[in-house]
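Notes for the structure review
Listed below are the residues making up each chain.
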Amino acid sequence: MRRYSYIRLFLNGIIILQIALISPLLKAISNSNSTSFPKNKINLSKPTAFSKRLNIEKPKVVIIIDDVGTEMTHFTELMKLSEKLTVSILPGEKFSKICAEVAHQKGFEVMLHQPMQPKNNSDNHIGSGGIFVSMKPVIIEKILAENVSNIPYIKGVNNHMGSYATTKQDVMKATMKVLKEKNLYFVDSITSGNSKGYKIAKEMGVKALKRDIFIDTQSGYDYAVRQLKELRKLAKTKSVSVAIGHCRPDTIRALKNTLSEFEKDGIQISRVSEVFQE
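One structure accompanies this document, and this report is about it. (Residues numbered from 1 in each chain as written. Predicted model: local features only at pLDDT ≥ 70, side-chain atom pairs only at ≥ 80, totals over all residues. Heavy atoms only, no water.)

**Some points on the pattern of salt bridges**
Tallying each qualifying case throughout the model produces 12 salt bridges. Here lysine 236 ties to aspartate 265 by a salt bridge, and the two come within 3.9 Å at their closest N and O atoms. One end of the pair, lysine 236, is in the loop between α8 (221–235) and β8 (240–246); the other, aspartate 265, is in the loop between α9 (249–264) and β9 (268–269), with 29 residues separating them in the sequence. Taking the relative accessible area as the measure of exposure, lysine 236 reaches 56% and is therefore exposed. Of the charged contacts in the structure, one is a salt bridge between arginine 271 and glutamate 274, with a shortest N-O distance of 2.6 Å. Here arginine 271 falls in the buried class, since its relative accessible area comes to 16%. (Salt bridge = Lys/Arg side-chain N within 4 Å of Asp/Glu carboxyl O. Helix = DSSP H or I, 4+ residues; strand = E, 2+ residues; numbered from the N terminus. Buried < 20%, exposed > 50% of the residue type's maximum accessible area, 1.4 Å probe, protein only.)

**A closer look at the packing of aromatic side chains**
Where two aromatic rings form a pair, the distance of their centres and the angle of their planes describe that pair. This structure, assessed with the given rule, holds one aromatic pair. Where tyrosine 185 meets phenylalanine 276, the ring centres are 5.7 Å apart and the plane angle is 45°; that geometry is what we call tilted. In this pair, tyrosine 185 is assigned in strand β5 (residues 185–188) and phenylalanine 276 in helix α10 (residues 272–276), connecting sequence segments 91 residues apart. Residue tyrosine 185 is classed as buried on the basis of its relative accessible area of 4%. A cation over a ring is seen here: arginine 232 above phenylalanine 262, with NZ or CZ 5.6 Å from the ring centre. (Phe/Tyr/Trp six-rings, centres within 6.5 Å; stacked < 30°, edge-to-face > 60°. Lys NZ or Arg CZ within 6 Å of the ring centre and 35° of its normal.)

**Points about the pairing of strand β3 (residues 109–116)**
By the criterion of burial, β3 is predominantly enclosed, with eight of the eight residues buried. One ladder, built from four bridges, connects strand β2 (residues 86–89) with β3; its direction is parallel. Bridge assignment links isoleucine 89 to a residue of β3, and that residue is leucine 112. Note on the crossover from β2 through helix α4 (residues 96–105) to β3: the handedness is right-handed. Taken together, the seven bridges between β3 and strand β4 (residues 154–161) define a ladder with parallel strand orientation. Bridged to leucine 112 within β4 is valine 157. (Pairing = 2+ DSSP bridges. Right-handed = clockwise from strand over helix to strand, strands pointing away.)

Limitation: the analysis is restricted to geometry and does not speak to function.
And the structure:
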């Protein structure tokens, strides 16, 4: 009997200990029903670090419109589209300067569309201010610098044609030397699979991108729409995608009717320079 008394005392002691431990917790729970704890308020109207991070990771698309400066009719229609597009202007054309002025005023980014020698041609049909493989580096530098200075608001350069010139290391080094000095970026139009433009730009410290998709290598509205659809698909697989089109009626109409689809797909249309700022 004495042994059972010891066991009873031991069990009672455990019960008392449990009550002593649980009682403060029960009291805290009881108090929580009548006391409001301080809460961290989140201002949803201001971007948080997390929301900023999400914005940075949003896929971006750069759309460059080439061959601007030769006329005003199609250009005027182009100016009615999103100012997030980038226009690339040919040097020495009748409307080169006025197109640069108007585009800048409307918020578009301006590039120089630098004519360069293609594989199948060595004459001057590439346009005014063209660069040829036979030129010495100092001449290339002079021509490019003049083209840049003659068109206002230029932030970068891409090649017009150039399937031959862009494969030549000396030509590309002379080109990048000027861009480096003037703090301009380079977009390699990739008119040749052997282009050295992008590679040399990166080696020489010039900010650079390269073209992924041509919107209108074939004529027609339907083709341009299909290419823009392909661009949206591509954009979902990489952080920055680059498309190049031309200042043509079908291309402009296709852009007008499909640009909203990029936003619906969570894709951000960016000016070229905006890509380098992040």
